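Here's the letter readout for the chains.
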Amino acid sequence: MTTMIQKNTRKKKTFLQRLWQDKAFVLLALPGIAFYIIFHYVPMYGVWMAFTNYNMSKPIILSDFVGIKWFEQFFNSYFCGRLIRNTLTISLKGLFFSFPIPILFAIILNEVRHTKFKRTVQTVSYLPHFISTVVAVGILKDIFSAPDGIINQLIVMLGGKEIHFFNKPQYFHGLYIGSGIWSSFGWGSILYIAAIAGIDPQLYEAATIDGANRPQQIWHVTIPGILPTVVMMLIMNVGSIMSVGYEKIILMYGPSTYETADVISTYVYRRGLVSGDYSFGAAIGLFNNVINLILLLLVNKISRKVADIALW
């Protein structure tokens, strides 16, 4: 028994000594650790609100417990099917169309040999990322508005009739996903450009000696070289497939486009924050996060088995 205590003491001292030796790195990590504890872990007690009838005059822990009442209310509501369908449709379409574009852009940019032109294009592609969502949607409305928008003016000049894009449900997904690609593809390509830069140049030299042309080098060297990064980003994107942001949608949609534009996050905003039904909003938010967690774990497991690449 004494021997075991002495061993544990030695291990504890060794751990503390290591902390002291790496004190500079520990100090650098402390702000990040504090951030996640304060803003991500401490607020988790608020999940209890989803199982109570929250009253602002009482602490969450003292509110009346109602079990899964709010979950049942959501699943039995008229809007449930539409909200889940719209959320999945927008997310999957966005993943299908948006995810490959930064990869293709990074590969094409890597093939450009004119350094000045390459840097200019790269810088210009980043700029939309720094435009706020409000301004981006304002630009979008100026372009597609009727009858003064550029697109409608071109349609009328060509003999067509003006289209009220923002009042037609069938155009919402295209506007939302297209504007998202425009604002994010340049910034999203940074990670893939860095991954390409990390590929050993000797692999390209060996491929050239073997007679491979540029497309063959891209296929056999560049793509396999960035594949781990692509898979990890895909896992992270699938893990947030139910989290369609409400900020941009709220700026773009209206009652006439609820049919295709209304998603879980916008419904939670209207019901939970605008209407003050906080417990209901917390319940639906919790449901959303649980589905995202399940998808993340599932896709990570499949990726580990199929491609031997995973986040953990």
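Further up the page is the structure itself.
Residues numbered from 1 in each chain as written. Predicted model: local features only at pLDDT ≥ 70, side-chain atom pairs only at ≥ 80, totals over all residues. Heavy atoms only, no water.

**A short note on the overall build of the protein**
Helices and strands together make up the secondary structure of the protein, namely 15 helices and 2 strands. Taking 20 Å as the expected radius of gyration for a compact globule of 312 residues, we find that the protein reaches 26 Å, considerably beyond that expectation. Taken along its principal axes, the extent of the C-alpha atoms in the protein is 95 × 75 × 35 Å. Residue pairs in contact within the protein that sit at least 24 positions apart in sequence constitute 63% of those at least 6 positions apart. When the accessible area of the protein is evaluated, it comes to approximately 19,900 Å², of which 68% is carbon and sulfur surface. (Helix = DSSP H or I, 4+ residues; strand = E, 2+ residues; numbered from the N terminus. Rg over C-alpha atoms; globule rule 2.2 N^0.38 Å. Contact = heavy atoms within 4.5 Å. Areas by Shrake-Rupley, 256 points an atom, 1.4 Å probe, with all protein chains shown as cover.)

**A look at the packing of aromatic side chains**
One pass over the full model with this rule turns up 24 aromatic pairs. Considering the side-chain rings of phenylalanine 172 and tyrosine 176, the 6.0 Å spacing of their centres and the 20 degrees angle between planes classify their relative orientation as stacked. Residue phenylalanine 172 and its partner tyrosine 176 are located together in helix H9 (residues 169-197), separated by 4 residues, close to a single helical turn. Assigned by exposure class, phenylalanine 172 and tyrosine 176 land together as buried. (Phe/Tyr/Trp six-rings, centres within 6.5 Å; stacked < 30°, edge-to-face > 60°. Buried < 20%, exposed > 50% of the residue type's maximum accessible area, 1.4 Å probe, protein only.)

**Comments concerning the packing of helix H7 (residues 133-144) against helix H8 (residues 150-157)**
It is the contact of H7 with H8, at a shortest axis distance of 4 Å, that shows an interaxial angle of 15 degrees. Relative to H8, the element H7 lies roughly parallel. In this structure, H7 contributes Asp142, Ile143 and Phe144 to the contact, and H8 contributes Ile150, Ile151 and Asn152. Residues of the contact of H7 with H8, tallied by class, amount to 4 nonpolar, 1 polar and 1 charged. (Axes fitted to C-alpha atoms, helices over the stretch in contact; angles between N-to-C directions. Parallel < 35°, antiparallel > 145°, perpendicular 65-115°, else oblique. Nonpolar A, V, L, I, M, F, W, Y, C, P; charged D, E, K, R; others polar.)

**Focus on the nonpolar core**
Counting 21 residues, the largest nonpolar core has Phe99, Ile103, Ile107, Tyr192, Ile196, Ile226 and Val230 as its most contacted members. Those residues in contact with valine 230 that sit more than four places away from it in its chain are Phe99, Ile103 and Tyr192. Counting 17 residues, the second-largest nonpolar core is a separate cluster that includes Val137, Phe172, Val244 and Met252. (Core = buried A, V, L, I, M, F, W, Y, C linked by side-chain atoms within 4.5 Å.)

Geometric values such as these leave the question of function open.
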